[in-house]
Each structure stands twice: as structure tokens, then as C-alpha cells.
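If you want the building blocks of each chain, they are given just below.
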2 protein chains.
Amino acid sequence: MKQSSKNIAIVGSGLVGSLLAIYLKKAGHQVTVFDRRPDIRNVVFSGRSINLAMSNRGWKALRGAGIEKAIREIAIPLYQRALHVKDTPLYYQKYGKQGEAIWSISRGVLNRKMIDLAEEAGVVFRFEEKVWDIDLPTAQIYTGETEKSEWTAYQFDHVFGCDGAFSRVRHKMQRRSRFNYSQEFIDLGYKELTIPPNPDGTHKLDKHSFHIWPRGAFMFIAMPNLDGSFTCTLFLPFEGRESFESIRTKPDARKFFATHFPNVMQDIENLTEDFFKNPTSALVTIKCYPWTYWDKVALVGDSAHAVVPFFGQGMNAGFEDISELNDLMQTHGDDWEQIFSEYQERRKPNADAIAELSYRNFVEMSSKTANPEFLLQKKIEKHFAALYPDKWVPAYSRVTFSDRPYTEALELGDQQERIMKEIMKMPDLEERWDSEEVTQRILDLLLENPVKTP
Amino acid sequence: MKQSSKNIAIVGSGLVGSLLAIYLKKAGHQVTVFDRRPDIRNVVFSGRSINLAMSNRGWKALRGAGIEKAIREIAIPLYQRALHVKDTPLYYQKYGKQGEAIWSISRGVLNRKMIDLAEEAGVVFRFEEKVWDIDLPTAQIYTGETEKSEWTAYQFDHVFGCDGAFSRVRHKMQRRSRFNYSQEFIDLGYKELTIPPNPDGTHKLDKHSFHIWPRGAFMFIAMPNLDGSFTCTLFLPFEGRESFESIRTKPDARKFFATHFPNVMQDIENLTEDFFKNPTSALVTIKCYPWTYWDKVALVGDSAHAVVPFFGQGMNAGFEDISELNDLMQTHGDDWEQIFSEYQERRKPNADAIAELSYRNFVEMSSKTANPEFLLQKKIEKHFAALYPDKWVPAYSRVTFSDRPYTEALELGDQQERIMKEIMKMPDLEERWDSEEVTQRILDLLLENPVKTP
């Protein structure tokens, strides 16, 4: 259905804000994007970002905006995990037999490109203009130099809050009665580090792998960039024996890297310097409801549902919000109240599901990887999945390589957990984990434990 | 241990703020209480309050401040519940054999009295002075007419946020990284209503009872005041068939009261008028952590842990915070960092426990009271408790008439739930619920299911 042209404000020029801007502009609206920060195209990156893993849902949303091809050019496909397990030779896990891949993209590079594309489409960006207040019922926004300086008022038809986990727009909604809200931090922080390219510009590690050094309570990962470097992320507890707090000096840092990540020794000076140069950032899950105010204001992406990054779905989930909004705009035309109300009703359960899946991956990573029983369980699952790929789709594949709702992936995960709980009770499992008997029992349990349709 | 005199600010002149002020003043500190509202002693009450049920923890805190006697004079003991169940004659449930009582007090009357007592002790109150900002590391607070007007800065040694569920002080802490926070509203709202006294000044219902009209999804309660009136509270869903939304006109309200609460028919005009005069308020559970910032700022009462009112413990829990703080001040003297850190570590699990217990009471009230199995379970519990009062202390008694930690009451509740889950599986229970067999099975299960010490 065709929509009348509206005057629309987007708060936040990040990935979700700029993609939504392109969609809305192409749908015929006037679009102004406000950002309190300077134009990211003119500044040095902040050193606090994790490379993005664009997967199916992200690509689908980019395709819908007609910019998939442009973004593929700045992305590198990763076909496998490269596991740097301690005291074990490096080994690989393919994402799928059909060449499935996640795509590594630098957040900064992607954001610059998206703003370029949005500007080309006719979107107006107002950088370094901070939104201090929003009048929700009238979609009026107020900007100014400081909270106490003179403010400028702008009148819009609709306002989208794409201003991230610490959203100002949501903050305004939060002061209303009956607005449910939670922010829960985990005890782990993260820091961006870099492995530079070889002198000839090539990558120092396989460039088509997602490199992981799992260490139980902490973890190091590396994802390739186009320039031959890797953007690395160290996830580490804030406090405790091995923690950000316990690494105070350069010798501390060198010792830490040398002990735990010996195969990146050649870059230890670089890692150590980055360690003290770059900030330590916190990781938070944010949930709220409602996401919209009448037909006037809607939250999209992290402002509505920030998740911990252990499923690589934060951006993908935000982009999927936009696909869903676009579908609803096509269906309901000028009935924005209906668009917003269906948008939040459809997306909220899925946002909760990916938050839960992401958090479970954190728990799994940080407390279960050293548990022999857990490792045995994973071995059995993998064995069964190889025999019956249609009957045992890992939650990871369902989330990453399909666009079925996140709620289904969560239900699938729950079903598999129920089944494996029974399997793990079988006696002498260590000896016969790959036996026909165990396989048959899983087949039986699959029939007894159907996936609950959400 | 004696403390050096400090210059202390309290934000909020409500019950918790004024009681804390008395404690701190008596410990030798300079105390200034800020409140954005006018002095409650000079204004008409707002019509949005539920009468308070002072119980053991509250009295203990008042005793510690030397004001128990003064407050008893404005309170009415309630020795029993008076249950106005539909199509059933009025019946009573005593709180205990030893004359245990909860005490009904009007929030406004109590607050006025507490401010009087605090002023007599030498506390300075600054009413109609709104705190807009707090610099947490320096304990500096900023007040002003409006957010954009000129602000006045005050320097303190410590600041206590006693400014309730929508605390400005917590709001400032919430903007920090790694501050966990949640606000969850329930679908029920409430409205204050009044049953006036008889012409001769006496109460229209038994004045030593807590009157309850349970109606499943909604509920009406009445608590006596000294002037012969009852402050009543209607708890009702915001939306749905029987809801605040569905009662739009005076005839709607009259019909609603006449249908569901026929024995208050004589006051229907008064109730109906109140219904449209008084606001509908929302009910929220608020959790956060940490509660303190260095040795500078601490949250006390609802600002740290607002609960739904279905256990009558909101104020009692806030007052218990103060008892605990006072104990720690005695123990640690001038080591405020230690005082604040132990305060939050000790109180947080108990605050979470009373939040959970309060929420469970809401669920029980709103969705289980019509369930025959639930009613049978309660009948069995009551029967057993009468036989073995030492072995089966209802969670309500443990919370209301003891000062053992809330966490223990929650564990006790969980133990009882585990036991009753087994009991309810026994066949033909309707016929033999009071049999020796069932009693013996409970005794056995008590041994098998010890209370987990938190």
C-alpha cells in the first residue's frame, strides 16, 4: 500500500538508524537523522568496537533496501570457526556443508558506507546536534548545545529512536508509568585489540575463519578486515584472578597474552599497547516494553533490545526490526498506529528470544566449556546431527542461516536440551556415546518431545 | 563505636527519609532533608495512598529511634482478617493465637507525625526544593526551580536517596555503567476510596479487622482510621472486562460496586464520587544494584527496592534498611565505605526476597483463589499448621511477626511448596485431606526437604 509522504526524524546515525533512513527515504518520506556525535566519516574510530558478523537476517534487510551488493564489497566471508584451544593443535569447524558463511565487517567501515548510501538516497544528516528532549504525543524534538542552553524545537510526524543501548528516546519513554524496563550487566567486559597485517598486506591468520581462543572464564576472538588486519576482542571478567582489574602494567599484559595466547606472541607489543590505549567496555542486556508511543514514536534496534554479543546477532536483530517495519508499512499504508502496534507485538517475543539465546551462549562459553559432561553432550549432538541433519538443526544454524523467528530457534534449543537431559542419564555413556542405541533413543525422544510452537 | 559528626543530606521527606533523619540526627550528625513537594503538614492528602500495615520490622525500627510510643498512638491494631467472600457470610481469620496484630496507619497522618518528630530532634527540612542533579563522587547536590533555571549547589559528606520508587538519586546512578536496574509494572492498578464514619463517629465495620473483598482478578480492601473512617483500596486491572478502563460513567461505577461489593451499598455514592475524583495509580517492582556509590551516596527504601503492596511490607522493608544501617554505623564508626558496602550486601538479597514474596501474593490472589485445588491445598496446610504450629510457620507469619531475614521466609515458602506439590499428588485427597495419613506424609516430607539456608 502506498504511503503519504511524512516528515520523519531518526535519532542516531548508527547502523540501524542509517539503514532505516534509506528504507524510509525510498518509501517517499522526508528523513532527517540527528546524531550528537560528529560525522563518523571524519573521525578516527573509537577503539571500542567488535567486528560485525553479518548473517542471513542482516543481508535480507540490506537486500530490501537495494544495498546488499555495495555492502558485500566491504565484507569478508568466514566459512568456519578456527579454534585455538590450549594445548591442542588448531582445528576448524565449518558452518555448514553448503558453504554457509557469516561475513566479517568493521563496524566503522560499514557505518561510513551506510551514511554515504543514505545521503545519496537523499537523507539529511544533522551531526553534532544532540537531542535533549522529545514530546512524545506531538513528535516534537528539542536539540541544543548543552542541556541548559537554548534549545531548538523541530516538529515531525514520526520519530524513530535508533540511538542504541543508552537511548535518549527510550529514556524519555521510561519516565512514563507502566513502562517496563531492565538493564542487566554481565561481569565480563571487553576491549578491542588489533593484529596488524603482514608487511606485504596479507592476513596473519586464515582470513576466511572466525578465530576463537576459548579459555573458560575469558575468551579472545579475531575477525579479519579488508586491509589485512584483524580486529580482535578480548572478553575478560572485570574483577578476579584473571581480569581487567588484575592487569595493571605492561609486563602484566605481556605475561597474560604470552601465557594464554602463545600463538599471537609475534603481535604482543601491539596487543599490549592497544590494551592500555583502548577503553574497557561493559556488556548489557536491555529489555523494555512498550517500544512505541501512539503512532508517533518507535524504538528500533539496540534502543529497544540490546543483547550481549555472544551470538553475533545484535545488528542482525536490529536490521530485522527494519524488515518487519517495512513489511508492515507495505501492508498498512498510512495507518501508522497499526504499523507501530503490530511491529512491537511481533518483534518483542523475538527480541526476548535472541536476548535469552545470547545470554545462554555467554553462560555456556564462560562456565560450561571446561565441563567434561557438557563436552560429551556436544559430541553426541554433533554425531547425531551428522547422521540426521534434518532432525537436528543446531540453534546456531537456525538463528544465523535462516530467517525463521528467533522464538523458534529458542524453542528448538529447549527441545534439544530436554532430549539431551534424558540422554545424559544413560549409563556408560562415555563408552557408547556414538552407539546405535543412543542414536535410536534420540530419535524416540524427538517424537516424544515435539517443539512447542510459540 | 562513636561517629564523627557529618553533614548529611537526605533526598525525600517521606516515611523512610524522615525516620532515617531522626536516626542520623540522634547519632550526632547535621541533617538536611530536601523535598520537591510542599510540607505535607500544610496540604490536603493526595487521594492516592494505601493505608499502611505496620508490623514487627517497622515497630523495631521506630523503637530504635525512640518514637515507637508516639506512633502507636496514631495506629489501630488489626488482630484478624475479615473476609467478605461473595455468597458467603462474613468470616474472620486471626493473625495468631498470641494476639498478633498488624497496625493500620494513614500514610499522611504518619508522615506528618514523623516530620514533626524529626524537626523536634533538630533535623532541617527544605520543602519545595527540587534536587535536579547529584555529583556522586563529591556528594554535591544541585537544586533549582526548574531543570533549566539557575541551580544552587550544596556540599555534603553523604547523601541518602530516600526519594521513592521514581528516585532522582537512583536515576543519576542508573546512568553509570554496570548499574543493574529493572522496573516491572503489573497489569493491576489501584485507587483510593473512603468509607466515612457513622454519624456518631464510630466505624461502620469492625475496626480491629483488615477487611478484604477478594474477587479473583480484582480485590477491595478497607483499613480503619482514627476518625472512624476506612481508607479503602480498589485493586483492579487497567484493561479488560472488569477494569478501570471499562468503568467510564457514574452508573458504571455504581453498578460495579453494587454487583461485587453489596455490603458497602450504603456508601456507594461516596465510593462512586471518590472513584472519579481520585487518580488511578500503577504498581511496580523496582530492583537495582549497587545501592551505594563509594562512601558518598546510598539508596534506602523504595528508591532501592519498591515492591507491590500485597504483603504489606513496603514500608516495613524500608524501615528495616534503616535498622540495619544503624547497626552498621554502631559497628564501623567513621568507616562509611564499610558501612555502605555491608549495608547493600546484606540488604539486597532480602529486598529481592520480599519482592518475590510480594509478587507471589499478587499471583496467588489474582489467579489462584478461584482454583479448587489451590483452595484444597490451603485447607490442608492450615489443618497441619494447627496440629504442628512449630513445624509449619506460614511465610506470612515469618515475614510479618518476626525479624528473621526475608530470605528465610522465602526459603520456608519454597520448602512448603515443594512438600505440598508432593501431597497434592496423593490420590483421593478430597476425601482424606485431614486424615492421619496425609499428616504423616507431611511430617515425612518435612524431614526429606529441609529448608535450604540462604
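Keep in mind the model is a prediction, meaning the values are calculated, not measured.

1. A few points about the environment of Gly66(A)
- Its location among the elements puts Gly66(A) in the loop between α2 (56-64) and α3 (68-72).
- When the C-alpha positions of Gly66(A) and Glu373(A) are compared, they lie 47 Å apart, and in sequence the two are 307 residues distant.

2. Remarks on the domain arrangement of chain A
All names here are of chain A.
- Here chain A is partitioned into domain 1 (7-45 + 67-74 + 107-183 + 285-361) and domain 2 (371-448).
- The centre of domain 1, based on its C-alpha atoms, is set 37 Å off from the matching centre of domain 2.
- Taken together, the contact between domain 1 and domain 2 spans 13 residues of the former and 11 residues of the latter.
- Its largest share of buried area at the contact with domain 2, domain 1 owes to Phe311, Asn350 and Leu357, together 43% of the area lost on that side.
- Here Arg360 and Asp414 are joined by a salt bridge, their closest N and O atoms 2.9 Å apart.

3. A few points about empty space enclosed by the protein
Residue and element names in this part refer to chain A.
- Within this structure, the stated rule accounts for 2 cavities of 30 Å³ or more.
- Quantified by volume, the largest cavity comes out at close to 40 Å³.
- Lining the largest cavity, in full, are Ile286, Lys287, Cys288, Trp291, Ala304, His305, Ala306, Val307, Lys348, Ala351, Asp352 and Ala355.
- At 4 residues, helix α10 (residues 336-368) tops the list of elements feeding residues into the lining of the largest cavity.
- Its residues assigned to classes, the lining of the largest cavity shows 8 nonpolar, 1 polar and 3 charged.
- Its boundaries defined by the atoms lining it, the second largest cavity holds a volume of some 30 Å³.
- Tallied by class, the residues present in the lining of the second largest cavity amount to 3 nonpolar, 2 polar and 2 charged.

4. A short note on the sheet that holds strand β4 (residues 76-78) of chain B
All names here are of chain B.
- Spatially, β3-β7-β4 is the arrangement adopted by the 3 strands of the open sheet, whose pairing is antiparallel. The strands lining the two open edges of the sheet, one partner per strand, are β3 (52-54) and β4. When the angles between neighbouring strand axes are averaged without regard to direction, this sheet yields 40°.
- One ladder, built from 3 bridges, connects β3 with strand β7 (residues 102-105); its direction is antiparallel. Note that in β7 the partner of Leu52 across the bridge is Ile105.

5. Side note on the interface of chain B and chain A
- Counting from both sides, the interface comprises 22 residues of chain B and, opposite them, 22 residues of chain A.
- Of the roughly 2100 Å² buried between chain B and chain A on both sides combined, carbon and sulfur atoms contribute 38%.
- With a shortest N-O distance of 3.2 Å, Glu239(B) and Arg178(A) are connected by a salt bridge.
- The tally of links from chain B across to chain A stands at 14 residue pairs in polar contact (both at pLDDT 80 or more).
- Mapped onto the side of chain B that touches chain A, the elements with two or more residues apiece are α5 (168-174) and β13 (180-195) of chain B.
- Here the side of chain B that touches chain A gets 7 residues from one element, more than from any other, and that element is β13(B).
- Broken down by class, the residue content of the side of chain B that touches chain A amounts to 7 nonpolar, 7 polar and 8 charged.
- Bridging between strand β13 (residues 180-195) of chain A and β13(B) involves 3 bridges; their strand directions are antiparallel. By the bridge assignment, Ser182(A) is partnered in β13(B) with Ser182(B).

Reading the values: the criteria
Residues numbered from 1 in each chain as written. Chains lettered and ligands numbered in written order. Predicted model: local features only at pLDDT ≥ 70, side-chain atom pairs only at ≥ 80, totals over all residues. Heavy atoms only, no water. Helix = DSSP H or I, 4+ residues; strand = E, 2+ residues; numbered from the N terminus. Domains from an automatic or database assignment. Contact = heavy atoms within 4.5 Å. Buried area = accessible area lost by both parts, 1.4 Å probe. Salt bridge = Lys/Arg side-chain N within 4 Å of Asp/Glu carboxyl O. 1 Å grid on protein atoms, 1.4 Å probe; cavity = no way out; pocket = protein on both sides within 12 Å on 5 of 7 lines; lining within 4 Å. Points joined across faces, edges and corners; volume = space filled by probe spheres on them. Nonpolar A, V, L, I, M, F, W, Y, C, P; charged D, E, K, R; others polar. Pairing = 2+ DSSP bridges. Axes fitted to C-alpha atoms, helices over the stretch in contact; angles between N-to-C directions. Polar contact = N/O pair within 3.5 Å; in protein donor to acceptor, adjacent residues only side chain to side chain.

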